[in-house]
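Overview (structure and organization)
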Amino acid sequence: MKVLVISDTHGYIEPVIKYMKTYPMLFDQVWHLGDHYKDALNIASATGCDMIGVKGNCDSHSIANEDAYLEVAGKRILLTHGHLYGVKHSLLRLHLKGLEERLDLICFGHTHMATQTKEDGVILFNPGSASLPRLGNYPSIGLLAISETGIRTTIVPLLESQSSE
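Residues numbered from 1 in each chain as written. Predicted model: local features only at pLDDT ≥ 70, side-chain atom pairs only at ≥ 80, totals over all residues. Heavy atoms only, no water.

**Considering unusual backbone geometry**
Applicable threshold: A run of DSSP states H or I qualifies as a helix once it reaches four residues; a run of E qualifies as a strand once it reaches two. Both are numbered from the N-terminal end.
Cis geometry is adopted by the peptide bond preceding His36, which originates at Asp35 and carries an omega value of 15°. Residue placement: His36 occurs in the loop between strand S2 (29–32) and helix H2 (37–47). With phi around 50°, Asp8 is a residue other than glycine that occupies positive phi space. Within the element layout of this structure, Asp8 appears in the loop between strand S1 (2–6) and helix H1 (14–22).

This is the structure in structure tokens:
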């Protein structure tokens, strides 16, 4: 399965929609990791894509779950925004959660900075922010290729040329 992973759109979804319409062959499903959960609904409506989303710290009025557990191609996966695990300070709690629950992949956001790391068999993947990157980073999204043989992660910059009409 191929997955487009987005996070921290904060109401600015046009570049994501343009990317999705330009490269629909790169993904089968879309995961939104919160801040703003309503953006996930709007993106799904605009593109007709299958969307799974969780709420973030800016989604207090949303009825969405804060965590979502999935199994894809035999891989155990957690989707979370990350604020409940203190990811702005350390990835330790998230890593320990992965070990405790025997997860293969944890997708998270909240930091607005892309991250892809693997430790003790647990992949921690943050696509960065699609709209408000921090510390000199660029707006970005992520792509996952998940199969029975493994998980491949890729950070994709949302370049100005992609976001302009």
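After that view of the structure, there is still more to cover.
**Quick word on the nonpolar core**
So the rule is basically this: Among the buried residues, those of types Ala, Val, Leu, Ile, Met, Phe, Trp, Tyr and Cys that are joined through side-chain atoms within 4.5 Å form a nonpolar core. Buried residues are those whose accessible area, probed at 1.4 Å on protein chains only, stays under 20% of the maximum for their type, while exposed residues exceed 50% and partly exposed ones sit between those limits. Pairs of residues are marked as contacts when any of their non-hydrogen atoms sit within 4.5 Å.
Among the nonpolar cores identified, the biggest contains 20 residues, and Leu4, Val16, Ile43 and Ile141 are the most heavily contacted of them. The set of elements that each furnish at least two residues to this core consists of S1, H1, H2 and strand S9 (140–147). Contact partners of Val16, with chain neighbours within four places excluded, come to Ile6, Thr9, Ile43, Ala130, Ile141 and Leu158. Judged by nonpolar contacts, the second largest core, of 18 residues, contains Val54, Leu70, Ile77 and Leu79.

**Notes on helix H3 (residues 92–100)**
Note the cut-off: Directions from the helix axis toward the C-beta atoms define the arc.
Residues of H3 that are buried include every one of Leu94, His95, Lys97 and Gly98, and no others. Around the axis of H3, the buried residues are gathered within 160° of arc, so they sit on the same side. Where the residues of H3 are buried, they touch strand S4 (67–72), strand S5 (75–80), strand S6 (105–107), strand S7 (115–119) and strand S8 (122–126). The positive-phi residue at the C-terminal boundary of H3 is Arg102, with phi of around 55°.

**Quick notes on the environment of Leu105**
As for its placement among the helices and strands, Leu105 is situated in strand S6. For Leu105, a relative accessible area of 0% puts it in the buried group.

**Details of the pattern of salt bridges**
What counts is decided by this rule: Basic side-chain nitrogens of Lys or Arg form a salt bridge, by our definition, when they fall within 4 Å of a carboxyl oxygen of Asp or Glu.
Taken as a whole and assessed by the stated rule, the structure comprises one salt bridge. Its salt-bridge partner being Glu101, residue Lys97 comes within 2.7 Å of it at the nearest N-O pair. With a relative accessible area of 17%, Lys97 lands in the buried category.

**Things to note about the sheet that holds S2**
Which entries qualify depends on this criterion: If DSSP finds at least two bridges between two strands, the strands pair. Where helices are involved, their axes are fitted lines through C-alpha atoms of the stretch in contact, as for all axes, and angles between N-to-C directions lie from 0 to 180°.
With respect to topology, five strands assemble into an open sheet ordered S3-S2-S1-S9-S10, the strand pairing being mixed. Strand pairing shows two members of the sheet lacking a second neighbour, strand S3 (51–53) and strand S10 (150–157), which therefore form its edges. Averaged over all neighbouring strand pairs, the angle between strand axes comes to 20°, with direction disregarded. For S1 and S9, the ladder comprises four bridges, and the chain directions are antiparallel. In the strand pairing of S9, Val5 is matched with Gly142. The sheet contacts of H2 involve S1, S2 and S3, and relative to S3 the element is tilted by about 180°.

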